[in-house]
Amino acid sequence: MTGTVAVLGLGEAGSAFARDLVAAGVTVRGYDPAVAAPGGVVPAASEADAARGAGLVLSVNSASAALDALAAGVAGLGPGAVWADLNTASPGTKRQLATLAADRGAAFADVAIMAPVPGRGLRVPMLATGPAAGTVAALLNPLGAAVEVMPGEAGLAAERKLLRSVFFKGMSAAVVEALRAARAAGCEDWLRKIIVGELTAADAATVDRLVDGSHRHAVRRTAEMAAAAEMLGELGVRADVATAARDQLQHLRQDC
């Protein structure tokens, strides 16, 4: 592929994609109202201007701007062009985008970026669903991308990404809060070793133990996390995760 790709949103991810596409010999038209186009990228005056003449549009803005970007840019799409939304939006928003694209006669793909972009650029693992998912993979993978196509409607890729985020970002929040409290208590190194040990030893049985234990011991663990939240308050540390865990266990206890 040596055609034209439009990249909307030239932040960290968008700029990395644009640079890699240029290096692969693709003409890239870029638009971002707040960020200048990087070297080698043809600057555009608007979303529609960037999309004009492009066979593929990569919308890498933000979830809050995704609908407006499509509404503004779809007028510039030519016959057979594809609009790929790479924003971290909810499945419902992705379905709205797919409907809007279909109403305007545009092919649409929901593309979820499944790992951090820095250091990977276009090679970052991506999951695509929706009517034009296969087309996006066929256009980008020969250029070094890693787009996996999953059958189904737009929104399913976003759903998989966000389900994964509930775990990873939730775990990250718990680690940050626990280490902050341990630092306040003067035992950060001790707790860090415990965390590393638990993560290193984790396997399928670990997941079963976490889920089953939460249900089986919900009563006791509710009181334990209430005490943990109280302790964090005494240490002067926000107890966001500890409080949320207490409340979740309380609900599990009521369901038992």
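Residues numbered from 1 in each chain as written. Predicted model: local features only at pLDDT ≥ 70, side-chain atom pairs only at ≥ 80, totals over all residues. Heavy atoms only, no water.

A. Layout of the environment of Ala146. As for its position among the elements, Ala146 is in strand β8 (residues 146-149). According to the relative accessible area criterion, Ala146 is partly exposed, its value standing at 34%. As a C-alpha pair, Ala146 and Leu127 span 19 residues in sequence and 8.4 Å in three-dimensional space. The contacts of Ala146, once residues within four sequence positions are left out, are Leu122, Arg123, Val124, Pro125, Met126 and Asn141. (Helix = DSSP H or I, 4+ residues; strand = E, 2+ residues; numbered from the N terminus. Buried < 20%, exposed > 50% of the residue type's maximum accessible area, 1.4 Å probe, protein only. Contact = heavy atoms within 4.5 Å.)

B. Geometry of the sheet that holds strand β4 (residues 56-59). The mixed open sheet is built from 8 strands, whose spatial order is β3-β2-β1-β4-β5-β6-β7-β8. Edge positions in the open sheet fall to β3 (42-43) and β8, since each of these has one partner strand only. Summarising the sheet, strand β2 (residues 27-31) and β3 pair through 2 bridges and their orientation is parallel. Pairing of Arg29 across the sheet is with Val42, part of β3. Lying over the sheet, helix α4 (residues 91-103) contacts β5 (82-85) and β6 (107-113), oriented at roughly 155° with respect to β6. (Pairing = 2+ DSSP bridges. Axes fitted to C-alpha atoms, helices over the stretch in contact; angles between N-to-C directions.)

C. Expanded view of the pairing of strand β1 (residues 4-8). Of all 5 residues that make up β1, 5 are buried, and the element is covered over most of its length. Bridging between β1 and β2 involves 5 bridges; their strand directions are parallel. Note on β2: the bridge partner recorded for Val7 is Gly30. Where the polypeptide runs from β1 across helix α1 (residues 12-23) and back to β2, its parallel neighbour, the crossover connection is right-handed. Sheet topology note: the β1/β4 ladder contains 4 bridges and is parallel. Within β4, the position partnered with Ala6 by the bridge is Val57. (Right-handed = clockwise from strand over helix to strand, strands pointing away.)

D. Summary view of the environment of Ile113. Within the element layout of this structure, Ile113 appears in strand β6. Along the sequence, Ile113 and Ala13 sit 100 residues apart, while their C-alpha atoms lie 9.6 Å from each other. Ignoring anything within four residues of it in the chain, the contact list for Ile113 reads Phe17, Leu86, Val124, Pro125, Met126 and Lys161.

E. Local environment of the packing of helix α9 (residues 218-235) against helix α10 (residues 240-255). One way to put it is that α9 packs onto α10 with a least axis distance of 8 Å and a crossing angle of 160°. The angle between the axes of α9 and α10 places the two elements in the roughly antiparallel class. Two packed elements cross with a definite hand, and for α9 against α10 that hand is left-handed. Between α9 and α10, the residues in contact are Ala218, Val219, Arg221, Thr222, Met225, Ala226 and Ala229 and Ala242, Thr243, Ala245, Arg246, Leu249, Gln250, Leu252 and Arg253, respectively. (Parallel < 35°, antiparallel > 145°, perpendicular 65-115°, else oblique. Left-handed = near helix turned anticlockwise from the far one by under 90°.)

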